[in-house]
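Structural overview
Spelled out, the chains give:
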Amino acid sequence: MTEPHHPSRRFFLRGAMATSAVIAVGATAEAASAAPAPAAAAPGGFPDYRYIKTLLTPSQLRYNPTGEIIFPCVRGASGRLAAPLGRYYLYYAPHDAPGGICLAYGDSIEGPFTEYPRNPIVSNNWQPHYSVSHVSSPHVLWNESAKEMWLYFHGENTTTRLARSKDGVNFTYDKVVLSASMMPAGTTETSYARVFAHELPARNAHFVMLFMLNNTTNHRDICWGWSPDGRQWTFDQKPLISHADVGAVNIGGPHLLTRDGSAYVVYNKDKESGGDLMITEVGADFTRRDHLGPFYNSSAGAPDNGRSAAPSFGTQDGAPYMVYESGERLKGAIAVARG
């Protein structure tokens, strides 16, 4: 955690790199155009980036049942969806009951974003599929083969579900893809999942899932799974990254990045453990465990107030961006930083 008012932010995507990472984060075709990259300074050779502005604040939203929002996910819509509401879709949600998966749209990742007037687009009661206390943590993957937006979300904290959409607004329920019962005995939470297109030939997999696991010890770790199609999953029964490995009480909000043929996981520590975003290199085949240290140092003052979390990445016209939770858990906003 650092003190400056406009702290240095670290980011990975270089505009000249039209890699699998660009596809995974949902960048549109124009985002792959080359742009001068800043000097690399962060672990793994990733360049620095800086906070720009706050994009969404709960008090300014029409749908605001709990006074808090979390877990942003930015996706390019232009060139993918027929008649999109904007060039970019930003998904987010309140966490506490009743939650609700929400959408905002705009023509720049730097905003402004307009709240979709009929939020939530997915509620905590979707008959006949489920009725739960809350739904939250939306992660949307552009599934190229299906030409659909695939929404992964949790509700309750034990269950991650999949819904699918041709327009990014109206979703059709698919199935449960992860539950605590699929993990070792004593697991109490399997949530905050993000799914990425990533090739694992030895496992006959084209997708990987990163998620947070809690158990009876009440320490949260990062776990992972792999899938041939994004629907049927196999899960490693051991943590990919343990909280103890990086000196934290809890870790969560994982995101996959790729660079120079390797894969990295960026994730957040709890505020009491520093509140920073960390980075671990796992390798293209997920066999490495190189903990590289802070990816982004949260500022002690505004806007982070000692905590940054749940990063989502994208590019616009060759410029790299990170959209993330800025501020204390359930007391913050959605902010954007640029590389």
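The preceding data block contains the structure.
Scope of this entry: the structure provided in the associated data block. Bear in mind the structure is a predicted one, so any value in this text is a computation, not a measurement. (Residues numbered from 1 in each chain as written. Predicted model: local features only at pLDDT ≥ 70, side-chain atom pairs only at ≥ 80, totals over all residues. Heavy atoms only, no water.)

**Describing the overall build of the protein chain**
Of the regular secondary structure elements, the protein chain holds one helix and 23 strands. Every one of the 339 residues in the protein chain was classed for burial, and the buried ones make up 61%. Approximately 12200 Å² of the protein chain is accessible, and the part contributed by carbon and sulfur atoms is 51%. (Helix = DSSP H or I, 4+ residues; strand = E, 2+ residues; numbered from the N terminus. Buried < 20%, exposed > 50% of the residue type's maximum accessible area, 1.4 Å probe, protein only. Areas by Shrake-Rupley, 256 points an atom, 1.4 Å probe, with all protein chains shown as cover.)

**Description of unusual backbone geometry**
Residues apart from glycine generally show negative phi values, whereas peptide bonds are mostly found in trans. Between Gly111 and Pro112 the backbone carries a cis peptide bond, its omega angle lying at 5°. Looking at the secondary structure, you find Pro112 in the loop between β5 (102-106) and β6 (114-115). For the peptide bond that leads from Gly155 to Glu156, omega is -10°, which places it in the cis range. In this structure, Glu156 sits in the loop between β10 (148-154) and β11 (159-165). With phi around 50°, Ala310 is a residue other than glycine that occupies positive phi space. The residue Ala310 is located in strand β21 (residues 308-316) in this model.

**Overview of the sheet that holds strand β14 (residues 205-215)**
Across the sheet, four strands lie side by side as β13-β14-β15-β16; this open sheet has antiparallel pairing. Sheet topology places β13 (187-200) and β16 (234-235) at the edges, where each strand pairs with a single neighbour. Taken together, the seven bridges between β14 and strand β15 (residues 221-227) define a ladder with antiparallel strand orientation. Each residue of the ladder has a partner; that of Met209, found in β15, is Gly225. (Pairing = 2+ DSSP bridges.)

**Focus on the pairing of β13**
Of all 14 residues in β13, eleven are buried; the element is thus mostly enclosed. Pairing of β13 with β14 involves nine bridges; the strand directions are antiparallel. Bridge pairing links Ser191 to Met212 in β14. Counting the residues between successive antiparallel strands, the hairpin from β13 to β14 contains four residues, one of them, Asn204, with a positive phi of roughly 55°.

**Here's the deal with the environment of Ser191**
Summarising the element assignment, Ser191 is placed in strand β13. Ser191 gets classed as buried once you look at its relative accessible area, which sits at 0%. Every residue in contact with Ser191, bar those within four places of it in the chain, is listed here: His154, Asn157, Thr160, Phe211 and Met212. (Contact = heavy atoms within 4.5 Å.)

**Re the pattern of salt bridges**
Inspection of the entire model under this criterion finds 14 salt bridges. Here Asp260 and Arg259 are joined by a salt bridge, their closest N and O atoms 3.0 Å apart. Close ionic contact of Asp290 with Arg288 constitutes a salt bridge, the shortest N to O distance being 2.4 Å. A relative accessible area of 27% means that Asp290 is categorised as partly exposed. Overlapping salt bridges, with partners in common, bring together Glu148, Arg164, Lys166, Asp174 and Arg231 in one network. (Salt bridge = Lys/Arg side-chain N within 4 Å of Asp/Glu carboxyl O.)

**Some points on the packing of aromatic side chains**
Evaluated as defined, the whole model comprises twelve aromatic pairs. Seen from their ring centres, Trp126 and Tyr130 are 6.2 Å apart, and the 75° between their planes marks the pair as edge-to-face. As far as burial versus exposure is concerned, Trp126 and Tyr130 are alike and both buried. Their ring planes at 85° and their centres at 5.6 Å tell us that Phe211 and Phe235 sit as a pair that is edge-to-face. On the criterion of sequence distance, the pair formed by Phe211 in strand β14 and Phe235 in strand β16 is long-range, its members being 24 residues apart. Neither Phe211 nor Phe235 differs from the other in exposure class; each is buried. Clustering of aromatic rings is evident, with ring pairs tying together Trp126, Tyr130, Phe153 and Tyr173. Taking the ring centre of Phe71 as reference, the NZ or CZ of Arg194 above it sits at 4.1 Å. (Phe/Tyr/Trp six-rings, centres within 6.5 Å; stacked < 30°, edge-to-face > 60°. Lys NZ or Arg CZ within 6 Å of the ring centre and 35° of its normal.)

**Some points on the nonpolar core**
Across soluble globular proteins, nonpolar side chains have a tendency to be buried as a group. If you look at the biggest cluster of nonpolar residues, it comprises 25 residues, and the most contacted ones within it are Tyr89, Tyr91, Ile101, Ile121, Val122, Tyr130 and Phe153. Among the secondary structure elements, those contributing two or more residues to this core are β4 (88-93), β5, β9 (136-143) and β10. Grouped together as the second largest cluster of nonpolar side chains are 20 residues, Trp226, Leu240, Ala248 and Ile251 included. (Core = buried A, V, L, I, M, F, W, Y, C linked by side-chain atoms within 4.5 Å.)

So, to be careful, I would describe these as geometric facts and stop short of saying anything about function.
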